[in-house]
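Breakdown of the fold
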Amino acid sequence: MIYTGRKKVLVGFILFLTFLAALLIGSGLGFFLSTSVSTDIREDLSTYKPALPTQILDRNGELITEIFSDEKRDIVPIRDIPKILVYALISREDETFFEHHGFSFRGTFRAAWNILLDKLGSRLGYHSGGSSLTQQVAGKHYADRKDISIKRKLKELWYSFQFERTMSKEEILQLYMNEMYFGHNAYGVEAASQFYFGHSAKDITLAEAAILVIQLASPALYSPINHPDRAKSRQEDVLDQMVSLGYATREEADLSMQQYWDNYNYTRSNIASAYFDNNSKAPYFSEYVRIQLNDMLYGAVNINKDGYIVHTTLDLGYQHIADSVMNNAFHSINERYKNKADDRLGIVDNSYVPIIDMLGLAFNLEDIQVAGARQKKAARAVFYKKLTPALNVVSMMLGISDINNISEVAYSKDQQSAKKTTVEGALITIDDHTGQILAMVGGSDFETKKYNRAVDAQVQPGSSFKPLYYSAAISSRKFTPSTRMYDGPIIFYDDDGNQYTPTNYLGSWEGSVLLRYALAHSMNVPSLQVLQGIGFEAAIDRASKMLGKYDQRENRTLFPRSFPLGLGVTSVAPIDMARAFATFPNRGKAVEPIAITSVLDRNGSTILEPEKERLREAQRNRKDDQIMSPQTAYIMVSMLQSTVEYGTLKWRRINIGGFDGMPMAGKTGTTQNWGDAWTVGFSPYYTTAVWFGFDTPGNSLGRELTGATAAGPYWAQYMKEIHRGLPRIQFDKPETGLVEQKVCAVSGKLPTKYCTDGLVDEIFLAGTEPKEFCDIHTFEKERDDELINRLQDTLTIENFGIDTFDTGNNSLTIPDLSTPPPDGGNSSTNPLLE
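The sections below set out a description of the structure shown in this document. Since this is a predicted model, take the numbers as computed values, not measurements. (Residues numbered from 1 in each chain as written. Predicted model: local features only at pLDDT ≥ 70, side-chain atom pairs only at ≥ 80, totals over all residues. Heavy atoms only, no water.)

1. Focus: the overall build of the protein chain
- Across its full length, the protein chain holds 28 helices and 20 strands.
- Expressed as a percentage of contacts within the protein chain between residues at least 6 apart in sequence, the contacts between residues at least 24 apart total 70%.
- Working note: accessible area of the protein chain is about 41,300 Å², and carbon and sulfur atoms make up 53% of it. (Helix = DSSP H or I, 4+ residues; strand = E, 2+ residues; numbered from the N terminus. Contact = heavy atoms within 4.5 Å. Areas by Shrake-Rupley, 256 points an atom, 1.4 Å probe, with all protein chains shown as cover.)

Now the structure itself:
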């Protein structure tokens, strides 16, 4: 049997030699024809565009990620390719590359001999092609290398001679190094080196070079990821060959080999590929940019292959801080939420369930017996979370589809449950003046769910919505920061007669307060009084412009004409709230978020400049982006600074030791039933929105996780970090149109000498500053004076020996009343003692 097998191999080898002889004759004919018939190789190559990934860069030129599909390729010039990689390549593929003119007789015979040895079972034999490097390049460009025929081989030969006539060896090598397939969807030496070794081809070692060149024969057979033992064996062959040809010493080869395998990671997944290893440094932002690119570059373009260079607004330094802060937040908030939920369930289980079950058993009421139901629920949780993954593995190993179906159903139910019980979140930062997106976190795990909550979530903003219509109130000149409001139980009626009775957090009331204080402490009743004072249309007009939803202002589902709107009962995304709040530090001008500044083609020519185009369009259309006056915007900045100074963000500021002198302003927000927690705020540089909540609405974070306690700490921590090292500047204040005035801290009016409860410096639109004096403390003074006068008329001065009665300072100097009066009268009748 062995003899018969070897006989077949020898017959095959004889046939191969016959084919080789025909090939030699054809090559001679091809060479002759190539000298008489020519084609312009360089012109053909000038139109050749190999698939290149689109590179996404941050604002400092640092690579964020690359977008590609089935081909991962990075073009490198031959001068940047190490000589050891060139030597490894020609040792393995074409020893006489620098000597022949497109065809290698030695290479062809070597290929035949290696195939024969491989068929005979020798370790020294392996599959290798007989084509020279030039033939392989020519075949890739001008022939179908899947076609195993003499016609294809002759065509390859003819074009290889043309390559050799018109191009240098270095140019041919550069084409080869950047075009050939190295396995795992990696094309070219740079992409292959990055994939297999995690570094550039410029830094390749001797042993790594050998690993790369053996992939050219068969990545499926010699992949160091899938078949490390086979790869090691062939790697040794290449290194031995390089030593024999004088390209490396034995000591260099052995040392490099040892270092490579000593550091080799055997745990790397055998299904890894260049595509799946494409980890973006900002995955949510990268996906956002990809979607925008598809919209901008509509038509016959392919961003996966056309090699665009996309300059974006992202700052990877800020992104790293955002990722770190939000990862800590996801862990901490979910742990706090789970602990509180367990505590509540524990109280129910220990205190109420036994009583209910006892009543159910005593009166035979099966419907209210809950202990068994709770045990079943706990069992289901264990099945979904612990047994389902094991079932999935078993079904794959044994090929049992029924088990796999069960595990998939269980996984689906577990995911649905997670949407209701896992706290998610988002963060987005934009430049106050340009709208450039500097950082974006769209959730806790991009790989699990590519849902970008920073731009796609539609959740209620809660009280963080209030500043939007407060600004309309300031613009209306009906309200000022010192307008006196009432914080107490009030029933509001809309135009349809629907009544609404809001409450404050935990149901507390403070009575008479000023507008600035009411906003800083997020009081609901004063806010709805503001909404009532300016009307729904004015509030919605202003809010819709700031949110970038002006074309939807008539949508009564989005903007209901009812009082719950004033407490944030509408739908927004974090990016909407960031652009809205950025209007304040931007002197009242609209801010439109932008992610892409320019797009270059593979040749470096600029084909898109979205930011400049937006400015040109605004000038052409004479677009008015002034939403509110700079004066109104500055007053809102000042009012929102009070939130950080003494309002709901006060303790967030104190807990981080302040913002190192950088002015900050913002607003917290918590929705009804504590389902969403927000903090949106800004500095003179940047605006950041932070949100936490659930993907499926209806669940509650609990009273302990509010905008101030959940989102606030992480907003403050993040904002402090990204402002380190920036010059300390103040918010831009208009030079005209504003009046600063001291007012009474209680009445909000001009103070009198009787305003002993304190004075505050307040700012107003010119003409809206208070003209009246404080009537609260004046009334108290008049009331006290009247009391003194009444007392003066009532008291018998001589009987009590009063030495002093000073109405100027409302003071009485009265002797010891324990001493009986001279006439022996009964002191108990004295009105002062009643």
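2. As for the packing of helix H8 (residues 189-197) against helix H9 (residues 206-214)
- One can describe the packing of H8 onto H9 by two numbers: an axis separation of 11 Å at closest approach and a directional angle of 115°. Accordingly, the angle class assigned to the pair H8 and H9 is roughly perpendicular. When the axes of H8 and H9 are compared, the crossing they make is right-handed. Residues Val189, Ala192, Ser193, Tyr196 and Phe197 of H8 lie in contact with H9, whose contacting residues are Glu208, Ile211 and Leu212.
- Within the contact of H8 with H9, the residues separate by chemical class into 6 nonpolar, 1 polar and 1 charged. (Axes fitted to C-alpha atoms, helices over the stretch in contact; angles between N-to-C directions. Parallel < 35°, antiparallel > 145°, perpendicular 65-115°, else oblique. Left-handed = near helix turned anticlockwise from the far one by under 90°. Nonpolar A, V, L, I, M, F, W, Y, C, P; charged D, E, K, R; others polar.)

3. Brief notes about the side chain of Thr570
- Relative to the elements of secondary structure, Thr570 occurs in the loop between helix H21 (536-547) and helix H22 (574-582).
- Overall, Thr570 belongs to the buried group, its relative accessible area being 4%.
- Sequence-distant contacts of Thr570, defined by excluding residues within four places in its chain, comprise Val459, Gln460, Pro461, Phe465, Leu558, Phe559 and Leu565. (Buried < 20%, exposed > 50% of the residue type's maximum accessible area, 1.4 Å probe, protein only.)

4. Concerning the nonpolar core
- If you look at the biggest cluster of nonpolar residues, it comprises 89 residues, and the most contacted ones within it are Phe285, Ile437, Met440, Tyr469 and Tyr470.
- Broken down by element, this core gets its largest block of residues, 7 residues, from helix H24 (residues 630-645).
- Residues in contact with Ile437, not counting those within four places in the same chain, are Phe285, Tyr288, Thr313, Leu314, Ile428, Thr429, Ile430, Ile575, Pro593, Ile594 and Ala595. (Core = buried A, V, L, I, M, F, W, Y, C linked by side-chain atoms within 4.5 Å.)

5. What to know about the pattern of salt bridges
- This structure, assessed with the given rule, holds 26 salt bridges.
- For Glu287, the salt bridge identified is with Arg290, shortest N-O distance 2.6 Å. Separated by 3 residues within a single helix, Glu287 and Arg290 lie in helix H13 (residues 283-296), roughly one turn from each other.
- Linking Lys771 and Glu769 is a salt bridge whose minimum nitrogen-to-oxygen distance equals 3.9 Å.
- Judged by its relative accessible area of 57%, Lys771 falls in the exposed class.
- Residues joined in a network through salt bridges with shared partners are Glu424, Lys449, Arg453 and Asp695. (Salt bridge = Lys/Arg side-chain N within 4 Å of Asp/Glu carboxyl O.)

6. Topic: the packing of aromatic side chains
- The full count for this structure, using the stated rule, is 24 aromatic pairs.
- Where Tyr260 meets Trp261, the ring centres are 4.9 Å apart and the plane angle is 85°; that geometry is what we call edge-to-face. The two residues Tyr260 and Trp261 agree in class, both being buried.
- Ring plane angle 50° and centroid distance 5.0 Å describe the contact between Trp261 and Tyr264, whose orientation is recorded as tilted.
- Relative accessible area serves as the criterion here: at 17%, Tyr264 is assigned to the buried category.
- Three or more aromatic residues joined by ring pairs make a cluster, and in this case those are Phe195, Tyr196, Phe197, Tyr260, Trp261 and Tyr264.
- Its end group placed over the ring of Phe97, Lys169 keeps NZ or CZ at 4.4 Å from the ring centre.
- Lying across the ring of Phe446, Lys450 places its NZ or CZ 5.2 Å from the centre. (Phe/Tyr/Trp six-rings, centres within 6.5 Å; stacked < 30°, edge-to-face > 60°. Lys NZ or Arg CZ within 6 Å of the ring centre and 35° of its normal.)

7. Details of the environment of His331
- When you line up the elements, His331 lands in helix H14 (residues 316-362).
- Separated by 113 residues in the primary sequence, His331 and Ser444 have C-alpha atoms spaced 9.3 Å apart.

8. Here we look at the packing of helix H3 (residues 83-93) against H9
- Where H3 meets H9, the axes come as close as 9 Å, and the angle between the chain directions of the two elements is 40°. Judged by the inter-axis angle, H3 sits oblique to H9. Crossing handedness for the pair H3 and H9: right-handed. Taking contact as the criterion, the partners of Ile84, Leu85, Ala88, Leu89, Arg92 and Glu93 in H3 are, on H9, Leu206, Ala209, Ala210, Leu212, Val213 and Ile214.
- Per-class residue counts for the contact of H3 with H9 are 10 nonpolar, no polar and 2 charged.

9. A word on the pairing of strand S12 (residues 596-600)
- The element S12 is extensively covered by neighbouring structure, given that 4 of its 5 residues are classed as buried.
- Pairing of strand S5 (residues 309-312) with S12 involves 4 bridges; the strand directions are antiparallel. The residue bridging His311 from the neighbouring strand is Ser598, located in S12.
- Where S12 lies against strand S13 (residues 606-608), 2 bridges are found, and the strand directions are antiparallel. Its bridge partner being in S13, Leu600 is matched across the sheet by Thr606.
- Linkage of S12 to S13, two consecutive antiparallel strands, is achieved through a turn of 5 residues, within which Gly604 is found at a positive phi near 90°. (Pairing = 2+ DSSP bridges.)

10. Structural notes on the sheet that holds strand S14 (residues 665-670)
- Strands sit in the order S7-S6-S16-S15-S14 across an open sheet of 5 strands; the sheet is antiparallel. Two strands lie at the open edges of the sheet, namely strand S7 (437-441) and S14, each paired on one side alone. The sheet shows a mean angle of 5° between the axes of neighbouring strands, direction not considered.
- Bridge count for strand S6 (residues 424-431) against strand S16 (residues 686-693) is 8 bridges, and the pairing is antiparallel. For Ala426, the partnering residue across the bridge sits in S16 and is Trp691.

11. A look at H24
- Helix length check: H24 (16 residues) gives 22 Å between terminal C-alpha atoms against 22 Å at 1.5 Å per residue, within 8%.
- H24 sits mainly inside the fold: 14 of its 16 residues count as buried. (Expected span 1.5 Å × (residues − 1).)

12. Brief notes about the side chain of Asp432
- Take Asp432: it is sitting in the loop between S6 and S7.
- It is Arg59 that comes nearest to the buried, bridge-free Asp432 among opposite-charge side chains, at 12 Å.
- Ignoring sequence-local partners within four residues, the contact set of Asp432 consists of Ala582, Pro585, Asn586, Val591, Phe682, Ser683, Pro684, Tyr685, Tyr686 and Thr687. (Lys, Arg positive; Asp, Glu negative; His and termini not counted.)

13. Structural notes on helix H11 (residues 228-244)
- Taking 1.5 Å per residue as the helical rise, H11 with its 17 residues ought to reach 24 Å, and the 24 Å between its terminal C-alpha atoms agrees with that figure.
- Taken from the residues just after H11, Gly246 is the one with a positive phi, measuring 85°.

14. Considerations on the environment of Thr706
- Assignment of secondary structure puts Thr706 in the loop between S16 and helix H26 (707-722).
- Residue Thr706 is classed as buried on the basis of its relative accessible area, which comes to 7%.
- Considering only alpha carbons, one finds Thr706 and Ala677, 29 residues apart in sequence, at a separation of 5.2 Å.
- Other than its neighbours up to four places away in sequence, Thr706 contacts Tyr505, Thr670, Trp674, Ala677 and Ala711.

15. Regarding the sheet that holds strand S1 (residues 54-57)
- Ordered in space as S2-S1-S5-S12-S13, the 5 strands form an open sheet in which the pairing is mixed. Edge positions in the sheet fall to strand S2 (63-67) and S13, since each has one partner strand and no second. Strand-to-strand, the axes of this sheet are offset by a mean angle of 25°, without reference to chain direction.
- The pairing of S1 with S5 spans 3 bridges and is classified as parallel. Note on S5: the bridge partner recorded for Leu57 is His311.
- Its contacts with the sheet put helix H23 (residues 610-620) on S12 and S13, and the angle it makes with S12 is roughly 115°.

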